[in-house]
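Spelled out from the first residue to the last, the chains are:
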Amino acid sequence: MSEEEYYNKVQILKKMAYHYYVLDEPIATDEQYDKLYHQVLAFETLNPSLIESTSPTQRVGSTPLASFEKNAHLQRMWSLEDVFDDEGLSEWLERIYKVYPKASFTCSPKFDGASLNLLYSQGKLVSATTRGDGIVGELVTQNARTIQSIPLEIDFKGEIEIRGEVVIAKDDFEAINKERLEAGQSLFANPRNAAAGSLRQLDSKITAKRKLRFMPWGIGEGLNEFASFYEAMQAVSGFGFSPVPFLSLCNNKEAIEHTYNALLSARNDYVIMLDGMVIMLDSIAMQRQLGWTIKAPRFACAYKFPAVEKSAKILDVSLQVGRTGIITPVAELSPVEIEGAMISRATLHNFSEIERKNILLYDEVIVIRSGDVIPKIIKPLLAFRDGSQKPIPKPTHCPVCGEELLVEEIFIKCQNLSCEARVIESIIHFASKKALNIDGLGEKIVIQLYDKQLVRNIKDIYTLRIEDLLGLEGWQHKRAHNLIQAIQNTIGVELWRFINALGIEHIGEGASKKLARKFGLGVFELSIQDILNTDGFGAEMAASLLEFNQANTALIKQLLSIIKPCVQSISLNTNHIFYDKSIVLTGTLSQARENIIALLESKGARISSSVSKKTDFVIYGEKAGSKLEKAQSLGITTLNEQEFLSLLQEE
């Protein structure tokens, strides 16, 4: 075979693969495809220097990775605001129409899978990154190259990020689970988990065996090359990606509802799991002008499908103990399939909820699951009661440590920080970024230390030695030294961080700062009245803090003697304009909000998340929204960032 013949056969093979994997319209038999594939492969084996990089033979997977590298997206991958009903849709559209009365929208399916960001440079696929936190994800390029519906090359100059969902068809999911069952392996819970698990295989040969599909839904970097989002998605299909099904350009609410209903009616029969419809302002220029909130774009929303309901019988009720000691009753159900997942457990939330809904043991109940929401019980089916049903008793002692439980109006809690069920999560929280920020002490490490009985409560982390860590799998001297050093660096940490690290129910970062500033180390010896007299503290927070202090007196004393937290003495200027004032921040500011909040708190200000008549100032940045409008309507003083910074310096 000549080089020219080889190149022509590669093009034919690519065309066959495109029609088979992307368009679902085969133009050749499997036998014809396999024959041509092996002819191409034979030439490449003899001529490795002439291998075409986009040849279908190059998708088989490479050497297994040791771990995934982190990679930053060029443009942030935002989450979408959820809309659940007609009222929510009307409110969202009203906000758009208020600015753009003649706006049109692009509607497309919301696929239930694992989000992936593909970066192409000068037409070549250079990286594939999972969503991660929206800013940085995991680099899975090697695995993405095995997915046949991801082009290795597109007709686009410059850089462009093509975004979409990696999914598994319902039938392929069933086949994978059948194979795993026969092999004695654990089963995937649903197609979404199967897709996510397959995409994150360290061995790309395993990923290649799974029938993953890539369904495009958006563009990151490069979107500004287009004027219309609808046209942009059509262009993506022209690059060789799967055409977006049900893609519609809608000029009014009626057209949006029509598309939504058509998608909803096709939901059960469609080959891929869908959990809603994405509604996107079509004009890219208008999108830029509307901008983003802290969490989501203002120009798009996810119109979610109604939750799927099934009935099941409560066979038993088990008790879970959370990090903060909350006891959660969980119904053990007769197994029922909902949206491709086999459900055998559902949360009952709390015992007040059980009583309010009149749920009994052995009841037939309605169970719902929508998207990633944990299955929950809606109500009992009273018509199915046959006299065998019994009340679900409230527990009096912790099912794990046996300590007597604290019963609140709604919650029942184990306050013992040394309770085995709480230890792991308590240490994870204690070491987290907003707590003591112990680098290297994440969830997997805490579990490893606990399993090897090196830690049995929070204070045990301060007795760890390098020698202890070197005896564990995967530990070397530098890693062990760094962790011990990170733990030692917490000695002398600010008191508010120490309070926050304890994970006290209802006491978060803001409350921890107030308590540290007002009471210093006396925070652990307060009376209920002392706490209630603190601005912003209600009865629930006061009772929680008091109960926590009483239940963990000995442990708190030990931790204080080890860590010796620093009590920062702050002399506040009571004459400063921001002293003791309620302040709300809104819009996009040039500095990080955390920095601005710290500046304001240093002047004695109180930060609030919502505007009310009690608000003194609203500080706003670019693209400020409804909070600024509400403040102006109430006659509250509003300051842009420059005005705020000027006043901040005044003494």
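Residues numbered from 1 in each chain as written. Predicted model: local features only at pLDDT ≥ 70, side-chain atom pairs only at ≥ 80, totals over all residues. Heavy atoms only, no water.

**Focus: unusual backbone geometry**
Step number 1: Of note in this structure, Phe-246 is not a glycine but carries a positive phi near 60°.
Step number 2: Phe-246 gets classed as partly exposed once you look at its relative accessible area, which sits at 32%.
Step number 3: Look at Asn-437: it is not a glycine, yet its phi comes out positive at around 55°.
Step number 4: Looking at the element boundaries, Asn-437 is found in the loop between helix H12 (420-431) and helix H13 (443-451).
Step number 5: Residue classification places Asn-437 among the partly exposed residues on the basis of a relative accessible area of 44%. (Buried < 20%, exposed > 50% of the residue type's maximum accessible area, 1.4 Å probe, protein only. Helix = DSSP H or I, 4+ residues; strand = E, 2+ residues; numbered from the N terminus.)

**Observations regarding a negative patch on the surface**
Step number 1: Together, Asp-85, Glu-87, Glu-91 and Glu-94 make up a region of like negative charge exposed at the surface.
Step number 2: Relative to the helices and strands, Asp-85 is located in the loop between strand E2 (81-83) and helix H3 (86-99).
Step number 3: Asp-85 gets classed as partly exposed once you look at its relative accessible area, which sits at 40%. (Patch = residues over 30% accessible without salt bridge, like charges linked within 9 Å, V, L, I, M, F, W, Y side chains within 5 Å. Areas by Shrake-Rupley, 256 points an atom, 1.4 Å probe, with all protein chains shown as cover. Salt bridge = Lys/Arg side-chain N within 4 Å of Asp/Glu carboxyl O. Lys, Arg positive; Asp, Glu negative; His and termini not counted. Charge placed at Lys NZ, Arg CZ, Asp CG, Glu CD.)

**Brief notes about the pattern of salt bridges**
Step number 1: Enumeration over the complete set of coordinates arrives at 20 salt bridges.
Step number 2: A salt bridge links Asp-468 to Arg-465, with the shortest nitrogen-to-oxygen separation between them at 3.0 Å.
Step number 3: For Arg-465, a relative accessible area of 48% translates into the label partly exposed.
Step number 4: Of the charged contacts, one joins Arg-606 and Asp-580 as a salt bridge, the two residues approaching to 3.2 Å between their closest N and O atoms. Of this pair, Arg-606 sits in strand E20 (residues 606-608) while Asp-580 sits in the loop between helix H20 (553-563) and strand E19 (582-586), and the two are 26 residues apart along the sequence.
Step number 5: Given a relative accessible area of 26%, Arg-606 falls into the partly exposed group.
Step number 6: By sharing partners, the salt bridges in this structure join Asp-86, Lys-253 and Glu-257 into a single network.

**Notes on the domain arrangement of the protein chain**
Step number 1: The domain boundaries assigned to the protein chain delineate domain 1 (3-46), domain 2 (81-304), domain 3 (309-391), domain 4 (422-563) and domain 5 (582-649).
Step number 2: Distance from the C-alpha centre of domain 1 to the C-alpha centre of domain 5: 62 Å. (Domains from an automatic or database assignment.)

**A few points about helix H5 (residues 170-182)**
Step number 1: Between its terminal C-alpha atoms H5 stretches 19 Å, which fits the 18 Å expected from 13 residues at 1.5 Å a residue.
Step number 2: Taken residue by residue, H5 has Asp-172, Phe-173, Ile-176, Asn-177 and Arg-180 as its buried positions. Angularly, the buried residues of H5 cover 135° about the axis, an arc narrow enough to put them on a single face. Those residues of H5 that are exposed and aimed more than 90 degrees away from the buried face are Asp-171, Lys-178, Glu-179, Leu-181 and Glu-182.
Step number 3: Buried residues along H5 sit in contact with strand E7 (159-168), helix H6 (191-199) and strand E8 (212-219).
Step number 4: Immediately downstream of H5, the backbone of Gly-184 shows phi near 75°, a positive value. (Expected span 1.5 Å × (residues − 1). Arc of directions from axis to C-beta. Contact = heavy atoms within 4.5 Å.)

**Structural notes on the pairing of strand E22 (residues 637-640)**
Step number 1: The sheet contact formed by strand E21 (residues 617-620) and E22 spans four bridges and is parallel. Counted as the bridge partner of Tyr-620 is Asn-640 from E22.
Step number 2: Regarding topology, helix H22 (residues 626-634) serves as the crossover connection from E21 to the parallel E22, and that connection is right-handed. (Pairing = 2+ DSSP bridges. Right-handed = clockwise from strand over helix to strand, strands pointing away.)

**Regarding the sheet that holds strand E5 (residues 124-130)**
Step number 1: In spatial order, the strands read E5-E4-E7-E8; together these four strands make up an open sheet with antiparallel pairing. Each having just a single partner strand, E5 and E8 make up the two edges of the open sheet. When the angles between neighbouring strand axes are averaged without regard to direction, this sheet yields 35°.
Step number 2: Sheet topology places strand E4 (residues 114-121) next to E7; eight bridges connect them, and they run antiparallel. Along E7, the bridge assignment pairs Leu-119 with Glu-161.
Step number 3: Against the sheet, helix H8 (residues 229-238) makes contact with E7 and E8, and its axis sits at roughly 150° relative to E8, the strand it touches most. (Axes fitted to C-alpha atoms, helices over the stretch in contact; angles between N-to-C directions.)

**Comments concerning the UniProt feature "binding site: Zn(2+)" (unreviewed entry) in the protein chain**
Step number 1: Sites flagged by UniProt as "binding site: Zn(2+)" (unreviewed entry) map to Cys-398, Cys-401, Cys-414 and Cys-419. These annotated residues cover 22 residues of sequence, but their C-alpha atoms sit close together, with the largest distance between any two at 8.7 Å.
Step number 2: Its place among the elements puts Cys-401 in the loop between strand E16 (376-380) and strand E17 (406-407). (UniProt positions renumbered as here; feature names shortened; annotations may be inferred.)

**Concerning the packing of H3 against helix H9 (residues 253-266)**
Step number 1: The contact between H3 and H9 brings their axes to 12 Å, and the two run at 140°. It follows from the interaxial angle that H3 and H9 lie oblique. Taken as a pair, H3 and H9 cross one another with a handedness that is right-handed. Each of Asp-86, Leu-89, Ser-90, Leu-93 and Tyr-97 in H3 lies in contact with H9, whose residues at this interface are Lys-253, Ile-256 and Glu-257.
Step number 2: Partitioning the contact of H3 with H9 into residue classes produces four nonpolar, one polar and three charged. (Parallel < 35°, antiparallel > 145°, perpendicular 65-115°, else oblique. Left-handed = near helix turned anticlockwise from the far one by under 90°. Nonpolar A, V, L, I, M, F, W, Y, C, P; charged D, E, K, R; others polar.)

**Focus: the sheet that holds strand E11 (residues 300-304)**
To summarise the sheet geometry, strands pair through backbone hydrogen bonds and adopt either a parallel or an antiparallel arrangement.
Step number 1: Spatial strand order, E2-E11-E10-E3-E9: five strands in an open sheet with mixed pairing. Two strands in the sheet have a free side with no partner beyond their single neighbour: E2 and strand E9 (248-250). Here the average twist between neighbouring strands, direction ignored, is 35°.
Step number 2: The sheet contact formed by E2 and E11 spans three bridges and is parallel. Pairing of Glu-81 across the sheet is with Cys-301, part of E11.
Step number 3: Seen against the sheet, H9 touches strand E3 (105-111), E9, strand E10 (274-281) and E11 and runs at an angle of roughly 160° to E10.

**Some words on the nonpolar core**
One broad rule of soluble globular proteins: the nonpolar side chains tend to lie buried together.
Step number 1: Core analysis: the biggest nonpolar cluster contains 68 residues, and Leu-116, Leu-118, Ile-162 and Ile-279 have the highest contact counts within it.
Step number 2: Discounting chain neighbours no more than four positions away, the residues touching Leu-118 are Leu-125, Ser-127, Ala-128, Ala-144, Ile-150, Ile-160, Glu-161, Ile-162, Phe-214 and Phe-241. (Core = buried A, V, L, I, M, F, W, Y, C linked by side-chain atoms within 4.5 Å.)

**Describing the side chain of Thr-615**
Step number 1: Note on placement: Thr-615 falls in the loop between E20 and E21.
Step number 2: According to the relative accessible area criterion, Thr-615 is buried, its value standing at 6%.
Step number 3: Among the polar contacts made by the side chain of Thr-615, one reaches the main-chain amide nitrogen of Ser-612 at a distance of 2.9 Å.
Step number 4: If we ignore the near neighbours within four places in the chain, the residues touching Thr-615 are Ser-582, Val-584, Ser-610 and Ile-636. (Polar contact = N/O pair within 3.5 Å; in protein donor to acceptor, adjacent residues only side chain to side chain.)

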